[in-house]
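Each chain, letter by letter, is given below.
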Amino acid sequence: MARFWVSNSHEDGQCGEMMTLLGRAPEELKGTEVWCTCPSGQHEWFMIAEGNDTDSLLESLPDELRIGSTTVMKLASATL
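Parameters at a glance
Residues numbered from 1 in each chain as written. Predicted model: local features only at pLDDT ≥ 70, side-chain atom pairs only at ≥ 80, totals over all residues. Heavy atoms only, no water. Helix = DSSP H or I, 4+ residues; strand = E, 2+ residues; numbered from the N terminus. Rg over C-alpha atoms; globule rule 2.2 N^0.38 Å. Buried < 20%, exposed > 50% of the residue type's maximum accessible area, 1.4 Å probe, protein only. Contact = heavy atoms within 4.5 Å. Areas by Shrake-Rupley, 256 points an atom, 1.4 Å probe, with all protein chains shown as cover. Lys, Arg positive; Asp, Glu negative; His and termini not counted. Charge placed at Lys NZ, Arg CZ, Asp CG, Glu CD. Core = buried A, V, L, I, M, F, W, Y, C linked by side-chain atoms within 4.5 Å. Phe/Tyr/Trp six-rings, centres within 6.5 Å; stacked < 30°, edge-to-face > 60°.

Engineer: Can you explain the overall build of the chain? Please cite residues and give values.
Structural biologist: Scanning the chain for helices and strands turns up two helices and four strands. Helices and strands in the chain line up, N terminus first, as β-α-β-β-α-β. Computed over C-alpha atoms, the radius of gyration of the chain comes to 13 Å, within 12% of the 12 Å expected from 2.2 N^0.38 for 80 residues, which places it in the range of a compact globule. Expressed along its principal axes, the backbone C-alpha trace of the chain runs to roughly 35 × 30 × 20 Å. Within the chain, buried positions represent 35% of all 80 residues. Partitioning the contacts of the chain with sequence separation of at least 6, the portion at a separation of at least 24 is 70%. Accessible area for the chain stands at about 5,300 Å²; split by element, carbon and sulfur atoms hold 49% of it. The average position of the 5 basic charges and that of the 13 acidic charges among the side chains of the chain differ by 5 Å.

Engineer: Explain the nonpolar core residue by residue, including any values.
Structural biologist: One finds Val6, Leu29, Trp45, Met47, Leu57, Leu61 and Leu65 to be the most contacted residues of the largest nonpolar core, which totals 16 residues. For this core, the secondary structure elements donating two or more residues are strand S1 (2-9), helix H1 (15-22) and strand S3 (44-51). Once you skip the residues sitting within four places of it in the chain, Met47 turns out to touch Phe4, Trp5, Val6, Leu29, Thr32, Glu33, Val34 and Leu61.

Engineer: Which residues make up the packing of aromatic side chains, and what values go with them?
Structural biologist: Evaluated as defined, the whole model comprises one aromatic pair. Measuring from centroid to centroid gives 4.6 Å for Trp5 and Phe46, while their planes differ by 15°, and the two rings are stacked. With a gap of 41 residues between them, Trp5 in strand S1 and Phe46 in strand S3 connect regions that are remote in the sequence. Trp5 gets classed as partly exposed once you look at its relative accessible area, which sits at 27%. Taking relative accessible area as the criterion, Phe46 reaches 18% and is therefore assigned buried.

Following this line, the structure appears as structure tokens:
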């Protein structure tokens, strides 16, 4: 399995709905930490999740979690 950056940009006013919908994430994502930048005015949530590929990970998200624009990108890491 690889790690992926999953992010969603949405409109102001959709934040509460998005946080509620995140509670309906698939079982394999339960316990994943989700970060939100909405308090700074940038309406986005993001998480690092494991999966096989970008398409299957995106498809595993319920449609409700794709309000606005959702992006999945494969990650690589380095140690500083």
